[in-house]
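# Structural features, examined
In case you want the letters, here they are:
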Amino acid sequence: METTASLDKASFEFYKPDNFPKGLTRKVVESISHIKNEPSWLAEFRLKAFEVYEQKPMPTWGFIPQFHINIDDYVHYVGSNQKKKKSWDEVDPEILRSFEKLGIPEHERKYLAGIETMNDSETIYANVKKELTDLGIIFCDIDTAIKEYPELVREYLGTVVTIGDNKFSALNSAVFSGGSFAYIPKGVKTPMPLQAYFKVTAASSGQYERTLLIADDGAHLEYSEGCTSVQDKGTNFHTAVVELVAKKDSKIFYTTIQNWKKNMYNWTVKRGICEEAAHITWTDCNIGANTIKYPGIILKGDHSTGDVLSLAFAGSGQVQDTGARIIHVGKNTRSNILAKGVALDGGINSYRGLVKFEPSSKGSYSHIKCDGLMMDNRSQSHAYPYNDVSGEEGTLNYEATVSKIDDDQLFYLQSRGMSEDDAKLLIINGFCEGVTKHLDVEYSVEMTKLIKMILEDGKVIAEK
């Protein structure tokens, strides 16, 4: 395999997979590339990203100044140098027990076409059903794709989210490890959702998965991921980059439920590009963590369409700064944004969105609706929309509401025999329904359970 000359050194000069220090240096970047035995083009990609990362200042907006985040406080690679397992029985028992709490084995048996599981910085389990490979579908972790499908990865990596887009896209590009890769051939449809799970266990560590999904002409790709963390000590940092490429007449449906601990700082860069008559839907559910995330779509091709469905819960000590970014470039493009935010127990929830119409986007249309619900007098709900209509023939509708839980609704439901807690839970589920109804059955059930746990944690309802 071709390797870069700059990394052609004795192995003892590099950090061991399970013994990286805190902080981000050139040696950290080189060690990751060395451990993975990467080709020279990718090592150069990482080192260029590291240079950009060092040049760009830390952002001074969002929640970052409030929490005094220092990237050098974290270990940026946590690996065990273990080989990926293809049988659940081969996975380390301790890791296995933590994942079984998420119900992954049952999901795989009953629902999933393919699954990939990541613990800290490495994929520890991967399995793809024969039904997928028979259709020519490629689904694997990004590290495997770099080795087995280098031409595809090299063609698309960093084309939707560039290295220099922002400090955190540069950070991910320098130290990414793990994440999903999928390629759906022309005219092929995924028979079941592709699935990935990402879990953080190490204290004071960063997780930087990189996901690249490509739907060729006329293809249909459905992908779902779940994220969780288990560490209560200190803080963790998560910066993922997700790139979606929807070719002509294709469709991509991407769903994520991020259920982090509250001590996670989560800045995720997600963006897709739609060619002619293509479609992308982001369904984005954010629980736990302090989050900055705005899934984006570039509607490049004529008649392309995009939806962003966002749901965020902000509890005590949390800031959820979420929303969407959509750029209309092609003619007769259509977009829809539905953002729902719940703030409780003193949490702060914000919608931050950008919708832009380029002069070329004649006959295009966008509808934006963001709703905030506050569960008490200490919580906050904000909206920061930015709409830029450069074209003369575009149409944009924007509507927003901020409210508190309705006492009249509570009274009515209680008069019909419901307890106050059950009434509150019903109202919250109804408020979230515009987003949760788009989830697969198993995720919809999981989301309902998580909403109940959130309300119990925020003392909105009593724990039973």
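Structure first, text after, so check above.
Given the structure is predicted, the values throughout are model-derived calculations rather than measurements.

The next subject is the overall build of the chain. In terms of helices and strands, the chain carries 12 helices and 22 strands. Out of the 464 residues in the chain, the part that is buried amounts to 58%. For the chain, the proportion of contacts with a sequence separation of at least 24, taken over those separated by at least 6, is 82%. Accessible surface, the chain as shown: approximately 19,000 Å² in total, 48% of it carbon and sulfur.

Taken as a whole and assessed by the stated rule, the structure comprises 18 salt bridges. Measuring nitrogen to oxygen at the nearest pair gives 2.9 Å for the salt bridge that ties D165 to R271. Of this pair, D165 sits in the loop between helix 8 (150-156) and helix 9 (167-175) while R271 sits in strand 12 (residues 264-274), placing them 106 residues apart in sequence. Residue classification places D165 among the partly exposed residues on the basis of a relative accessible area of 33%. A salt bridge links E358 to K356, with the nearest nitrogen and oxygen atoms 3.8 Å apart. Taking the relative accessible area as the measure of exposure, K356 reaches 25% and is therefore partly exposed. When salt bridges that share partners are traced, they join E225, K270, D284 and K293 into one network.

Another aspect to go through is the pairing of strand 20 (residues 365-374). Across the 10 residues that make up strand 20, a large majority, eight, are buried. Pairing geometry for strand 18 (residues 334-343) and strand 20, over 10 bridges, is parallel. Residue pairing for strand 20: G341 is matched across the bridge by G372. With 10 bridges connecting them, strand 20 and strand 22 (residues 395-404) associate as parallel partners. Within the sheet, the bridge partner assigned to L373 lies in strand 22 and is S403.

Turning our attention to the layout of surface pockets. Rolled over the atoms, a probe with the dimensions of a water molecule shows which regions are left empty. Estimates place the volume of the second largest pocket at around 470 Å³. Lining the second largest pocket we find 22 residues, and of these N259, W260, I287, M453 and D457 sit closest to its centre. If you list the elements that add at least two residues to the lining of the second largest pocket, you get strand 8 (220-229), strand 16 (305-314) and helix 12 (441-457). Here the lining of the second largest pocket gets five residues from one element, more than from any other, and that element is helix 12. Class assignment for the residues of the lining of the second largest pocket results in nine nonpolar, eight polar and five charged.

Attention now moves to empty space enclosed by the protein. This structure, assessed with the given rule, holds two cavities of 30 Å³ or more. As a volume, the largest cavity reaches approximately 110 Å³. Around the largest cavity, the lining comprises 18 residues; the ones closest to its centre are G341, N349, Y351, C370 and D371. Taken together, the elements giving at least two residues each to the lining of the largest cavity come down to strand 16, strand 17 (319-328), strand 18, strand 19 (348-357), strand 20, strand 21 (380-389) and strand 22. For the lining of the largest cavity, the per-class residue count stands at six nonpolar, 10 polar and two charged.

The geometry of helix 10 (residues 407-415) relative to helix 11 (residues 420-436) is characterised by a closest axis approach of 9 Å and an angle of 125° between their N-to-C directions. Considering their axes alone, helix 10 and helix 11 lie oblique with respect to each other. In terms of crossing hand, the pair formed by helix 10 and helix 11 is right-handed. Across the interface between the two elements, Q409, L410, L413 and Q414 from helix 10 touch E420, A423, K424, L426 and I427 from helix 11. Of the residues belonging to the contact of helix 10 with helix 11, the class tally is five nonpolar, two polar and two charged.

This next bit is on the packing of helix 2 (residues 40-55) against helix 9. At a minimum axis distance of 7 Å, the contact between helix 2 and helix 9 shows a crossing angle of 145°. Crossing hand, helix 2 versus helix 9: left-handed. Here F45, R46, A49, F50, V52 and Y53 of helix 2 lie close against helix 9, whose contacting residues are K167, A170, L171, S173, A174 and V175. Of the residues assigned to the contact of helix 2 with helix 9, the class counts are nine nonpolar, one polar and two charged.

Together, D217, D249, E276 and D302 make up a negatively charged patch on the protein surface. Along the chain, D217 turns up in the loop between strand 7 (210-215) and strand 8. In this structure D217 comes out as partly exposed when scored by relative accessible area, which is 31%.

Thresholds applied
- Residues numbered from 1 in each chain as written.
- Predicted model: local features only at pLDDT ≥ 70, side-chain atom pairs only at ≥ 80, totals over all residues.
- Heavy atoms only, no water.
- Helix = DSSP H or I, 4+ residues; strand = E, 2+ residues; numbered from the N terminus.
- Buried < 20%, exposed > 50% of the residue type's maximum accessible area, 1.4 Å probe, protein only.
- Contact = heavy atoms within 4.5 Å.
- Areas by Shrake-Rupley, 256 points an atom, 1.4 Å probe, with all protein chains shown as cover.
- Salt bridge = Lys/Arg side-chain N within 4 Å of Asp/Glu carboxyl O.
- Pairing = 2+ DSSP bridges.
- 1 Å grid on protein atoms, 1.4 Å probe; cavity = no way out; pocket = protein on both sides within 12 Å on 5 of 7 lines; lining within 4 Å.
- Points joined across faces, edges and corners; volume = space filled by probe spheres on them.
- Nonpolar A, V, L, I, M, F, W, Y, C, P; charged D, E, K, R; others polar.
- Axes fitted to C-alpha atoms, helices over the stretch in contact; angles between N-to-C directions.
- Parallel < 35°, antiparallel > 145°, perpendicular 65-115°, else oblique.
- Left-handed = near helix turned anticlockwise from the far one by under 90°.
- Patch = residues over 30% accessible without salt bridge, like charges linked within 9 Å, V, L, I, M, F, W, Y side chains within 5 Å.
- Lys, Arg positive; Asp, Glu negative; His and termini not counted.
- Charge placed at Lys NZ, Arg CZ, Asp CG, Glu CD.

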